[in-house]
Amino acid sequence: MKIYEKLLLENKAWAAEKVLDDPDFFHRLEHIQSPEFLWIGCSDSRVPANEITGTQPGEIFVHRNIANMVVHTDLNLLSVLQYAVEVLKVKHIIVCGHYGCGGVKAAMTNHNFGIINKWLRNIKDVYRIHREEINQISEEELRLNKLIELNVKEQVLNLAKTSIVQKAWQNDHRPHLHGWVYGLNNGLIKPIFEMEAGTHIDPIYEFDDL
Ligand code: CO
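Residues numbered from 1 in each chain as written. Predicted model: local features only at pLDDT ≥ 70, side-chain atom pairs only at ≥ 80, totals over all residues. Heavy atoms only, no water.

## Regarding the pattern of salt bridges
A complete count under the given rule lists 10 salt bridges for this structure. Of the charged contacts in the structure, one is a salt bridge between Asp-125 and Arg-128, with a shortest N-O distance of 3.6 Å. Taken together, the positions of Asp-125 and Arg-128, both in helix α6 (residues 116-129) and 3 residues apart, correspond to about one turn of that helix. What makes Arg-128 partly exposed here is its relative accessible area of 49%. The partner of Asp-172 in a salt bridge is Arg-174, with the nearest N and O atoms 2.6 Å apart. Since its relative accessible area comes to 40%, Asp-172 is described here as partly exposed. With relative accessibility at 10%, the residue Arg-174 sits in the buried group. Each of Glu-133, Lys-146, Glu-149 and Lys-190 takes part in salt bridges that share partners, so that together they form one network. (Salt bridge = Lys/Arg side-chain N within 4 Å of Asp/Glu carboxyl O. Helix = DSSP H or I, 4+ residues; strand = E, 2+ residues; numbered from the N terminus. Buried < 20%, exposed > 50% of the residue type's maximum accessible area, 1.4 Å probe, protein only.)

Take a look at the structure:
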């Protein structure tokens, strides 16, 4: 059996088990999705959104990229965000990073990675903003973990800077924003930052004509 054929086989078994458990499962999900959460996570294969939160298909709308970034010129992210907020009307957006993130680790080095440099630049910007706090930590791994936490916080703030989120805050008092970090070593999520809908941010970034 080819390695990818195992996936298809496992899929058959999974679908059969779902139907056995709940005969109506796929019929219910076929025509409508109404997730309450948008998940912005790292592409890392060890951090699967549904599995680590015990959620089912239909419960979380997911966007993943290297190091769970919210880049304001990323058309992919913005499309997902707009759809989740304005059409699906999610109540919560979770930015979930993870300790030991290879993307953040790469951004802390001075290596030239080619195309990916452009993506890592966004993380380097976070490093620059918080340079003092990070550099006073002597152990390398703890320095990395600090940047991972601060990066998650900055990405939550980046969400709050979008007109999409500010408009929904003003009109609908949602979504609430959450910054979490997942531990690869113990499977546990640590909440590290939160923004209630309507929280005021740096006025430079607040729109007054939404
Ligand atoms: Co990662």
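## Here we look at the domain arrangement of the protein chain
On domain assignment, one finds that the protein chain holds domain 1 (1-32) and domain 2 (34-205). A C-alpha centroid distance of 30 Å is found between domain 1 and domain 2. Taken together, the contacts link 5 residues of domain 1 with 4 residues of domain 2. Summed over both sides, the interface between domain 1 and domain 2 buries roughly 290 Å², with carbon and sulfur atoms accounting for 64% of that surface. Inspection of the domain 1/domain 2 interface yields 0 salt bridges. Our count for the domain 1 to domain 2 interface comes out at 1 residue pair in polar contact (both at pLDDT 80 or more). (Domains from an automatic or database assignment. Contact = heavy atoms within 4.5 Å. Buried area = accessible area lost by both parts, 1.4 Å probe. Polar contact = N/O pair within 3.5 Å; in protein donor to acceptor, adjacent residues only side chain to side chain.)

## A short note on the packing of aromatic side chains
Following the criterion strictly, the structure yields 4 aromatic pairs and no others. Between Phe-25 and Phe-26 the ring centres are 5.1 Å apart and the planes differ by 85 degrees, which places this aromatic pair in the edge-to-face class. Here Phe-26 falls in the partly exposed class, since its relative accessible area comes to 30%. Measuring from ring centre to ring centre gives 6.4 Å for Trp-39 and Trp-180, while their planes differ by 80 degrees; the resulting arrangement is edge-to-face. With Trp-39 in strand β1 (residues 37-42) and Trp-180 in strand β4 (residues 176-182), the pair connects residues that are 141 residues apart, well separated along the chain. Cluster of aromatic residues (ring-pair linked, three or more members): Trp-14, Phe-25 and Phe-26. Directly above the ring of Phe-25 sits Lys-18, whose terminal nitrogen or CZ lies 5.1 Å from the centroid. It is Lys-161 that lies over the ring of Tyr-205; its NZ or CZ is 4.2 Å from the centre. (Phe/Tyr/Trp six-rings, centres within 6.5 Å; stacked < 30°, edge-to-face > 60°. Lys NZ or Arg CZ within 6 Å of the ring centre and 35° of its normal.)

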